[in-house]
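Residue-level structure breakdown
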Amino acid sequence: MMALQATTEQERARQRLARLRELIAYHNHRYYVLDDPEISDGEYDRLFRELEELESRWPELVTADSPSRRVGGAAAAQFAPVRHAVPMLSLENAFAEAELYDFENRLRRFLNFGDQAIAYYAEPKLDGLAVELVYEQGVFTLGATRGDGLVGENISANLQTINDIPRRLPRDQAPARLDIRGEVCLTVAGFTALNEQRAANGESLFANPRNAAAGSLRQLDPNITAARPLEFFAYGVADADVLAVDSQQQISARLAALGFKTIPHGRVCADLAAVIAHFQQLAQLRSQLPYEIDGMVAKVNDLTLQKRLGSKTRTPRWAIAAKFPAVQATTRLLAVEYQVGRTGAVTPVARLEPVTVGGVTVSRATLHNEAEIRRKDLRLEDTVLVQRAGEVIPEVVKPLVDQRNGRQREITLPTHCPECGSRLLRSEGEAVLRCPNHHDCPAQRLRALIHFCGKAGLDIEGLGKKVLEQLTAAGLVGDIPDIFRLRAEQLAPLPGWGEKKAANAIAAIDQRRRVELSRLLAALGIRHIGEVTAQLLARRFGTLEEVLAAGEQDFLDIAGIGPQAAAALVTYFAAPGNREMLRQLQEELGLEIQPEGAPEQSQPLREQVLLFTGKLSDWSQDEAKARVKELGGEVATTLNRRVTHLVCGSKPGSKLPKAREMGLTILDEEQFHQLLAGDKQIEVKGEK
């Protein structure tokens, strides 16, 4: 009888907890998302206390989506990597009206459109941190940063503390899996209050709301995140097909219906003229908005057109960020210092009398190179105009010549490296001075380490610029392999460290002992080889051994790699010291280089290289080439030994007879469409 009574009581508790979760989620939505609460704070607190009391009595009934679990225990020592199911891409930027027209002209050429109007969905560009939320069967299961677009960091515990992120979606509206993209940010008022609190506590202040949001989300203790006034705004999904919608506007409406805050002031614009008008309205509203915006995002509204347009390596073709004009201020140019980069480039940097530009105190700004200094006629002691545009590094725009008073002096560039004393060189056709002492210049070695461990490299948590400067000064790190030789007992005694921080750093390093080929190639800091080119190399060769065995022509055969990049690759991998470093990483230090690329079944054109000639009737060549790349194929720009297919439109020209001589497979437009559709038995129709 007692067992039956306990079971009945437990069932009543289960039912009540389910109801309390629904009620609290509903009132959270009314309060945090709609700003229209239906109950008083006291009534809300009573519901929450009842939930906590029942869960305390029946811990086995606590569910993953319980409101009481918004703040959990301490997060893992570092954030685990998360691969996005669909890459989170960046956006192309436009800083002038003409660049928006250029963007639309590219769309028209790609789609083979005439004068047909293209409608857009335009909304403010919030200045926060992009994140992805994963819901399975309507329940929040994972949250991650954007990271490099392919792999982010698991910050689920911290995102759970943000009140306007639903833990569960309405059951009758949620698909089996839904990946939400959005922005975490602070309002201007929240940012001000946070900095006031930090000032009162004697802590350093955040530079701007975006930095504050990013810093808040990357706390190892979720309780710190919970104390910050963060907000989440949803703006998109990874796969719109699961929502059964036709337009970007409908995506926004569905997200709102699912319980998310969406970005205010979004609207459909019938054409580009309407986009520009909305941009101008937002520029006027900017100072009155409760949150920081740095521009506007315009997206092709029709999802069918979005699919046709697809994406480039880093950006979607169907969207662009229109940025507000640069924020400028005047100050005095006090001195010029010289920084040596990881490739040996010596960059002049202006030391300025501190001035506030767009809410940020600026005391340094780039001068680019000697040619820029001469072109602008900059002199020491000049009053200069400084600007920050699109959150980039501040730059000196020009001197205010009419304010010169005779005390101005010419800027003289150095003849020798300020770090190692080597004589500086300038290659033919370049404006940049370089230190040729790549292996022994301390500045180049340090910059290479910072790049290797940074966001553009392996992204090793805890090994930022200041830490690497400390480790280098302490003699613990001199080159890249030394990173993987570090031990916790070496780090713990250092100033500002301790056992916990040291253990976290070693765990973060160990986490990067398995790395994808493209990430490693980008991390090495080879001149002219960034993230995009590294991905091209990884997709083409697959393994580091194949890259090392390649010659200059092999690199040049890859569409998107030019003579400079090919020559840089040959030079880098020919150096015995670089090959020895890679050997040590793999054979002595346990670095596992993972193969690149999507599963074979999703890449039907893998190992196939297509060359186009003539005019296609259905698609533009750009659209056809993009489709080939999406299916794992490569596109050649000239006839070479790697080409497998020649695709002929009308008036194919001289490539056709040459392709016949080489014995290549020649396809007309219909056969090309069959190839894209996965037809293995393409009917050969004879000579063209």
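Residues numbered from 1 in each chain as written. Predicted model: local features only at pLDDT ≥ 70, side-chain atom pairs only at ≥ 80, totals over all residues. Heavy atoms only, no water.

Some details on the overall build of the chain
As a reminder of what qualifies: We count a stretch as a helix when DSSP gives it H or I for four or more residues in a row; a strand needs E for two or more, and each element gets its number in order from the N terminus. Only protein chains enter the accessibility calculation, which uses a 1.4 Å probe. A residue is then buried if its area is under 20% of the maximum for its type, exposed if over 50%, and partly exposed in between. All accessibility values rest on the Shrake-Rupley procedure with a 1.4 Å probe; residue burial counts only the protein chains present in the view. For the charge count, each Lys or Arg is scored as positive and each Asp or Glu as negative, with His and the chain ends excluded. Charged groups are reduced to one reference atom each: NZ for lysine, CZ for arginine, CG for aspartic acid, CD for glutamic acid.
For the chain, the count of helices and strands is 25 helices and 25 strands. In terms of its C-alpha atoms, the chain occupies a principal-axis envelope of roughly 90 × 75 × 60 Å. Counting the 688 residues in the chain, one finds 48% classified as buried. When the accessible area of the chain is evaluated, it comes to approximately 33,100 Å², of which 50% is carbon and sulfur surface. Across the chain, the 85 positively charged side chains and the 91 negatively charged ones have centroids separated by 3 Å.

Quick look at helix 13 (residues 465-473)
The criterion, for reference: Here, the arc refers to the directions that run from the helix axis to the C-beta atoms. Throughout, a contact is declared for two residues whenever any of their heavy atoms are within 4.5 Å.
Considered for burial, the residues of helix 13 that qualify are Val-467, Leu-468 and Leu-471. Along helix 13, the residues classed as buried sweep out an arc of 95° about the axis, all on the same side. Facing away from the buried side of helix 13 by over 90 degrees, the exposed positions are Lys-466 and Ala-473. The elements touched by buried residues of helix 13 are helix 12 (442-453), helix 14 (480-485) and helix 15 (488-491).

Remarks on the packing of helix 12 against helix 13
The criterion, for reference: Every angle, taken between N-to-C directions, lies between 0 and 180 degrees, and every axis is a line fitted to C-alpha atoms, over only the stretch in contact when it is a helix. An angle below 35 degrees is read as roughly parallel, one above 145 as roughly antiparallel, one from 65 to 115 as roughly perpendicular, and any other as oblique. Take the far helix as the reference: if the near one is turned anticlockwise from it by less than a right angle, the crossing is left-handed, and if turned clockwise, right-handed.
At a minimum axis distance of 10 Å, the contact between helix 12 and helix 13 shows a crossing angle of 135°. Between helix 12 and helix 13, the angle is such that the two are oblique. Two packed elements cross with a definite hand, and for helix 12 against helix 13 that hand is right-handed. On the side of helix 12, the interface is formed by Leu-446, Arg-447, Leu-449, Ile-450 and Cys-453, while helix 13 contributes Lys-465, Leu-468, Glu-469 and Thr-472.

A few points about the packing of helix 21 (residues 563-574) against helix 22 (residues 576-588)
Formally: By the convention adopted, Pro, Cys, Tyr, Trp, Phe, Met, Ile, Leu, Val and Ala count as nonpolar, Lys, Arg, Asp and Glu as charged, and the other residues, Gly among them, as polar.
Two elements in contact, helix 21 and helix 22, have axes whose closest approach is 5 Å; the angle formed by their N-to-C orientations is 70°. Between helix 21 and helix 22, the angle falls in the class roughly perpendicular. Where helix 21 abuts helix 22, its residues Tyr-572, Phe-573 and Ala-574 lie against Pro-576, Asn-578, Arg-579, Met-581 and Leu-582. Of the residues that constitute the contact of helix 21 with helix 22, the class distribution is 6 nonpolar, 1 polar and 1 charged.

Focus: helix 5 (residues 188-200)
Defined as follows: A helix's residues, less one, multiplied by 1.5 Å, set its expected span.
Over its 13 residues, helix 5 extends 18 Å from the first C-alpha to the last, a length consistent with the 18 Å expected when each residue adds 1.5 Å. Regarding helix 5, the residues found buried are Gly-190, Phe-191, Leu-194, Asn-195 and Arg-198. The buried residues of helix 5 occupy an angular sector of 130° when the element is viewed end-on, so they sit on one face. Of the exposed residues in helix 5, those oriented more than 90 degrees away from the buried face are Ala-189, Glu-196 and Ala-200.

Quick look at the nonpolar core
To keep things clear, this is the line we draw: Buried Ala, Val, Leu, Ile, Met, Phe, Trp, Tyr and Cys residues form a nonpolar core when they are joined through side-chain atoms within 4.5 Å.
Ranked by internal contacts, the top residues of the largest apolar core, which has 55 residues, are Leu-471, Ile-483, Phe-484, Leu-491, Leu-537 and Phe-555. Ignoring anything within four residues of it in the chain, the contact list for Ile-483 reads Leu-449, Cys-453, Ile-460, Leu-463, Leu-468, Val-477 and Ile-509.

A look at the side chain of Thr-533
Following the sequence through the fold, Thr-533 ends up in helix 18 (residues 531-541). In this structure Thr-533 comes out as buried when scored by relative accessible area, which is 13%. Non-local contacts of Thr-533, meaning those with residues more than four positions away in its chain, are made with His-528 and Ile-561.

Some thoughts on the environment of Ser-247
For Ser-247, the position within the fold is in the loop between strand 8 (230-237) and helix 8 (248-257). For the pair formed by Ser-247 and Gly-344, sequence separation is 97 residues and the distance between their alpha carbons is 48 Å. When residues no more than four places from it in sequence are discounted, the contact partners of Ser-247 are Asn-301 and Leu-303.

Details of the sheet that holds strand 24 (residues 645-648)
Within a sheet, adjacent strands bond to each other through the backbone by hydrogen bonds, running parallel or antiparallel. For the record, the criterion: Pairing between strands is defined by DSSP: at least two bridges between the two strands are required.
Spatial ordering of the open sheet is given by 23-22-24-25, a layout of 4 strands whose pairing is parallel. Looking at the sheet topology across the chains shown, the edges are occupied by strand 23 (634-635) and strand 25 (665-667). The pairing of strand 22 (residues 609-613) with strand 24 spans 4 bridges and is parallel. Of the residues in strand 24, the one forming a bridge with Leu-610 is His-645. Of the strands in this sheet, strand 22 and strand 23 touch helix 23 (residues 621-630), which is tilted by about 175° from strand 22.

What about unusual backbone geometry?
Outside of glycine, negative phi angles account for most residues, and trans bonds account for most peptide bonds. Here the phi dihedral of His-265 falls at roughly 70°; this positive angle occurs in a residue that is not glycine. Positionally, His-265 belongs in the loop between helix 8 and strand 9 (267-269). Classification of His-265 as partly exposed rests on a relative accessible area of 37%. Even without being glycine, Glu-381 reaches a positive phi, approximately 75°. On the secondary structure map, Glu-381 appears in the loop between strand 15 (379-380) and strand 16 (383-388).

Considering the confidence of the model for the chain
Basically, it comes down to this: Per-residue confidence from the prediction method is given by pLDDT, with values spanning 0 to 100.
Averaged over every residue, the pLDDT of the chain is 86; residues scoring 70 or more account for 91%. At the level of individual helices and strands, the chain shows its lowest average pLDDT in helix 1 (residues 2-33), which scores 74, and its highest in strand 9, which scores 97. Low pLDDT, under 50, characterises residues 71-77; the predicted model gives this stretch 13 contacts beyond four residues in sequence or across chains. Throughout residues 684-688 the model reports pLDDT below 50, and contacts reaching past four residues in sequence, or to other chains, amount to 12 contacts.

Section: the sheet that holds strand 11 (residues 319-323)
Taken together, 5 strands build an open sheet; the order of strands is 2-11-10-3-9 and the sheet is mixed. The sheet is open, and its two edges are formed by strand 2 (92-94) and strand 9, each paired on a single side. Sheet twist, expressed as the mean angle between neighbouring strand axes with direction ignored, is 35°. Pairing analysis gives 3 bridges linking strand 2 to strand 11, with the strands arranged parallel. Looking at strand 11, one finds that Asn-93 is bridged to Ala-321. Contacts from helix 8 reach strand 3 (120-126), strand 9 and strand 10 (293-300), with the element oriented near 55° to strand 3.

Regarding the side chain of Asp-382
Definition in use: Polar contacts, as used here, are pairs of N or O atoms within 3.5 Å; protein pairs need one atom able to donate a hydrogen and one able to accept it. Residues neighboring in sequence count only if both atoms are side-chain atoms.
Relative to the helices and strands, Asp-382 is located in the loop between strand 15 and strand 16. Within the structure, the side chain of Asp-382 is placed 2.8 Å from the backbone nitrogen of Arg-379, a separation counted as a polar contact. Of note is the side chain of Asp-382, whose polar atom sits 2.8 Å from the side chain of Arg-404.

Focus on the pattern of salt bridges
Inclusion rule: By definition, a salt bridge exists where a carboxyl oxygen of Asp or Glu is found within 4 Å of a side-chain nitrogen of Lys or Arg.
Here the structure, examined in full by the defined rule, presents 44 salt bridges. For Arg-332, the salt bridge identified is with Glu-353, shortest N-O distance 2.9 Å. Within this pair, whereas Arg-332 is found in strand 12 (residues 327-340), its partner Glu-353 is found in strand 13 (residues 345-357), the two being separated by 21 residues in sequence. In this structure Glu-353 comes out as partly exposed when scored by relative accessible area, which is 33%. Across the pair Glu-370 and Arg-426 runs a salt bridge whose closest N-O atoms are separated by 2.6 Å. Taken together, the residues Glu-370 in helix 11 (residues 370-376) and Arg-426 in the loop between strand 18 (409-410) and strand 19 (433-434) connect sequence positions 56 residues apart.

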